[in-house]
Amino acid sequence: MQTGQDIHDQRLLIVDFGSQYTQLIARRVREAGVYCEIHPFDAPDDFLRDFAPRGVILSGGPESTTEGHTPRIPEAVMAFGVPVLGICYGMQAMAAQLGGAVSPSNMREFGHALIRMEPNTELLQPARDAEGSELSVWMSHGDKVTHVPAGFDVTASTPSAPIAAMEDRERRLYGVQFHPEVTHTQLGSDIIRHFARDLCGCEGLWNAANIVDEAVAHVRHLVGDERVVLGLSGGVDSSVVAALLSRAIGDQLTCVFVDNGLLRKNERQEVAQTFAPSNALNLNLVVVDAEEEFLQRLAGHEDPEAKRKIIGNTFIDVFDREAHRISGVKWLAQGTIYPDVIESAASKFGKAHVIKSHHNVGGLPERMHLKLIEPLRELFKDEVRQIGMHLGLPRQMVYRHPFPGPGLGVRILGAVRKEAAEVLREADAIFLEELHAADFYDRVSQAFAVYLPVKSVGVVGDARRYADVIALRAVETTDFMTARWAHLPYELIERVSNRIINEIEGVSRVVYDVSSKPPATIEWE
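A. Just the overall build of the protein, in detail. Each helix and strand counted, the protein has 17 helices and 20 strands in total. For the protein, the proportion of its 525 residues judged to be buried stands at 55%. Taking all contacts inside the protein whose residues are at least 6 apart in sequence as the whole, residues at least 24 apart take part in 74%. Total accessible area on the protein stands at roughly 22700 Å², and carbon and sulfur atoms take up 48% of it. The protein carries 53 positive and 72 negative side-chain charges, and their two centres are separated by 2 Å.

Encoded structure:
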């Protein structure tokens, strides 16, 4: 890292008006090498002034500036004197507040549109240089700007939105009606990068190497010579925390891995192998076999929420018990990441974000009387993965599919039994093995098997089999807020089905889930 440079100093402010794409805007800015934070449109002016950004992006939102009482751009933002980019609602709010006009549109635009860019555009110049005067973009709006404020020029248009972009180059104010943050917009990332790096003057200090260097220095300063305990699940977030803390404080860290009997096949062995001392990760790993305790407490419980609470409470009991056996522990580390910290709530319009504390293991820091350290709480999942690779973790661990906290406990529908867990573990392993073999594992976002407590008649060999059903689930998504069921080749599904039925005695039938989100959730419970 450059000497004396704080990688947080050159930062952008994302003002959130409740758009489903707000986090995507922040991710695109981070990808451009610039730190940014999301804060609600009704954040106090004093806070915004203290934040002192080099530039501001105003998100889209579901409200209409043509109605009476709607979210407004904070006065402090317009007084900063830094570049401001309004996206969709952000552009409309900018126009309305600066003396322009916004009206409901007779033709709403949702989806692809072709904009014509003017030669005088500053914001869209990278796109104009690359593509000429026309650009394919993604629109999602009902209202439109019908008159630009004084000092603004129209810099792009479509047949249904004559003012698709506007700029006041003297005051460095920019607005676009389309969404440059979504992948459907051609060169959208280039536009955001141009705004963050060139127009706002940020150098691009936000990268994996610098983030790791700063995090290591921060942890060493914070922890000193005290001991830290971490609940290691084998998932991406906790594994990256373990690797980061190992680099920062070495054997002051103890990781506790709880085998609850609801893990994926060979997960316990893989975690032990990855974090063995021979892999140059200097940490103490304690493995706890708590399968019997978890399964006893879960016995007879069928309700998904009840199962989640039982698994969560049992984990706290087991982890607390093991942590107290480690002498001198003062800190609890957690793998909280930035989307965990941002939770839609508390604004008077119900659209803003508030801080959510102790997301991962609720109540654990208070119960254990430990101080909390969350080294990843500023990072998105893709940034966490980049850091994991930078720290030398195996790619298969860093890019593994998400796995729910309660594990197989919420992929076994109904009551959780050891026999069901064993069947599901094998079926899931076969599914993932075949996805890897067919080069489809990295082409889907999440894939897993589900155990259905439904008996079905089958014939295996010459014998009748009356056994349970396995469902296969695979989805494609960019943000896990919406997801499409993965259109896997029939031959692949057939191969997985044949192997599961032939190799696992307790299964008579395999089905494939073709439900998208919404209306269905990704997990079944």
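B. Structural detail: the nonpolar core. Membership of the largest hydrophobic core comes to 50 residues, with the highest contact counts inside it found for Val 229, Leu 435, Ile 470, Leu 472, Leu 488 and Ile 500. Ranked by residues supplied to this core, first place goes to helix α16 (residues 418-437) with 9 residues. Counting 42 residues, the second largest nonpolar core, distinct from the first, contains Leu 230, Leu 253, Trp 331 and Leu 379.

C. Geometry of the pairing of strand β11 (residues 253-259). Of all 7 residues that make up β11, 7 are buried, and the element is covered over most of its length. Burial along β11 is two-sided: the face carrying Leu 253, Cys 255, Phe 257 and Asp 259 and the face carrying Thr 254, Val 256 and Val 258 are both buried. Bridge count for strand β10 (residues 227-231) against β11 is 4 bridges, and the pairing is parallel. By the bridge assignment for β11, Val 229 is matched with Thr 254.

D. Representation of the pattern of salt bridges in the model. Summed over the entire model, instances satisfying the criterion amount to 32 salt bridges. Notably, a salt bridge pairs Glu 419 with Arg 417, separated by 3.5 Å at the nearest N-O pair. Judged by relative accessible area, which is 48%, Glu 419 ranks as partly exposed. Assessed through its relative accessible area of 38%, Arg 417 is described here as partly exposed. A salt bridge links Lys 455 to Asp 468; the nearest nitrogen and oxygen atoms lie 3.5 Å apart. One end of the pair, Lys 455, is in strand β17 (residues 446-460); the other, Asp 468, is in strand β18 (residues 463-476), and 13 residues separate them in sequence. Through salt bridges with shared partners, a single network forms among Glu 433, Glu 434, Arg 495, Arg 499 and Glu 503.

E. Up close: the packing of helix α8 (residues 236-249) against helix α14 (residues 381-390). Running from N to C, α8 and α14 point in directions that differ by 45°, and their axes come no closer than 10 Å. The pairing of α8 with α14 is recorded here as oblique in orientation. Crossing hand, α8 versus α14: left-handed. Taken together, the residues of α14 that come into contact with α8 (itself represented by Val 236, Asp 237, Val 240 and Arg 247) are Lys 381, Val 384, Arg 385, Ile 387, Gly 388 and His 390. Here the contact of α8 with α14 is built from residues that sort into 4 nonpolar, 2 polar and 4 charged.

F. View of the environment of Val 510. In this structure, Val 510 sits in strand β20 (residues 507-512). Val 510 sits 16 residues away from Glu 494 along the chain, and the two C-alpha atoms are 9.3 Å apart. Setting aside its immediate chain neighbours within four residues, Val 510 contacts Ile 470, Leu 472, Ser 497, Ile 500 and Ile 501.

G. Focus on the packing of aromatic side chains. Considering all chains together, one arrives at 8 aromatic pairs under this definition. Measuring from ring centre to ring centre gives 4.7 Å for Tyr 35 and Trp 206, while their planes differ by 45°; the resulting arrangement is tilted. Here Trp 206 lies in the loop between α6 (188-199) and α7 (208-223) and Tyr 35 lies in strand β2 (residues 35-40), a separation of 171 residues in the sequence. In terms of burial, Tyr 35 and Trp 206 fall into one category: buried. Site record: aromatic cluster; members linked through ring pairs are Phe 17, Phe 41 and Tyr 89. For the cation-ring pair, Arg 411 lies above Phe 448, with the distance from its terminal atom to the ring centre recorded as 3.9 Å.

H. Examining the environment of Phe 110 more closely. Note on placement: Phe 110 falls in strand β5 (residues 101-117). Judged by its relative accessible area of 55%, Phe 110 is exposed. Once the C-alpha coordinates of Phe 110 and Phe 178 are considered, the two residues, 68 residues apart in sequence, prove to be 9.8 Å apart.

I. Main features of helix α17 (residues 490-503). Its 14 residues give α17 an end-to-end C-alpha distance of 20 Å, which sits within 8% of 20 Å, the value for a rise of 1.5 Å per residue. The set of residues buried in α17 consists of Leu 492, Ile 493, Val 496, Ser 497, Arg 499, Ile 500 and Ile 501.

J. Highlighting the environment of Gly 224. Mapped onto the fold, Gly 224 is located in the loop between α7 and β10. Taking the C-alpha atoms as reference points, Gly 224 and Gln 252, separated by 28 residues in sequence, lie 9.6 Å from one another. When neighbours within four sequence positions are excluded, Gly 224 is seen to be in contact with Val 219 and Gln 252.

K. Seen up close, α16. Over its 20 residues, α16 extends 29 Å from the first C-alpha to the last, a length consistent with the 28 Å expected when each residue adds 1.5 Å. By the burial criterion, the buried members of α16 are Ala 420, Ala 421, Val 423, Leu 424, Arg 425, Ala 427, Asp 428, Ile 430, Phe 431, Leu 432, Glu 434 and Leu 435.

L. A look at the state of the cysteines. Evaluated as defined, the whole model comprises 0 disulfides. Among the cysteines around Cys 36, which has no disulfide bond, Cys 202 carries the closest sulfur, lying 10.0 Å off. A relative accessible area of 0% means that Cys 36 is categorised as buried. Looking at the unpaired Cys 200, the closest cysteine sulfur is the one in Cys 202, lying at 5.7 Å. A residue is classified by how much of its surface remains accessible, and Cys 200, at 9% relative accessible area, is buried.

Conventions and cut-offs
- Residues numbered from 1 in each chain as written.
- Predicted model: local features only at pLDDT ≥ 70, side-chain atom pairs only at ≥ 80, totals over all residues.
- Heavy atoms only, no water.
- Helix = DSSP H or I, 4+ residues; strand = E, 2+ residues; numbered from the N terminus.
- Buried < 20%, exposed > 50% of the residue type's maximum accessible area, 1.4 Å probe, protein only.
- Contact = heavy atoms within 4.5 Å.
- Areas by Shrake-Rupley, 256 points an atom, 1.4 Å probe, with all protein chains shown as cover.
- Lys, Arg positive; Asp, Glu negative; His and termini not counted.
- Charge placed at Lys NZ, Arg CZ, Asp CG, Glu CD.
- Core = buried A, V, L, I, M, F, W, Y, C linked by side-chain atoms within 4.5 Å.
- Pairing = 2+ DSSP bridges.
- Salt bridge = Lys/Arg side-chain N within 4 Å of Asp/Glu carboxyl O.
- Axes fitted to C-alpha atoms, helices over the stretch in contact; angles between N-to-C directions.
- Parallel < 35°, antiparallel > 145°, perpendicular 65-115°, else oblique.
- Left-handed = near helix turned anticlockwise from the far one by under 90°.
- Nonpolar A, V, L, I, M, F, W, Y, C, P; charged D, E, K, R; others polar.
- Phe/Tyr/Trp six-rings, centres within 6.5 Å; stacked < 30°, edge-to-face > 60°.
- Lys NZ or Arg CZ within 6 Å of the ring centre and 35° of its normal.
- Expected span 1.5 Å × (residues − 1).
- Disulfide = S-S within 2.5 Å.

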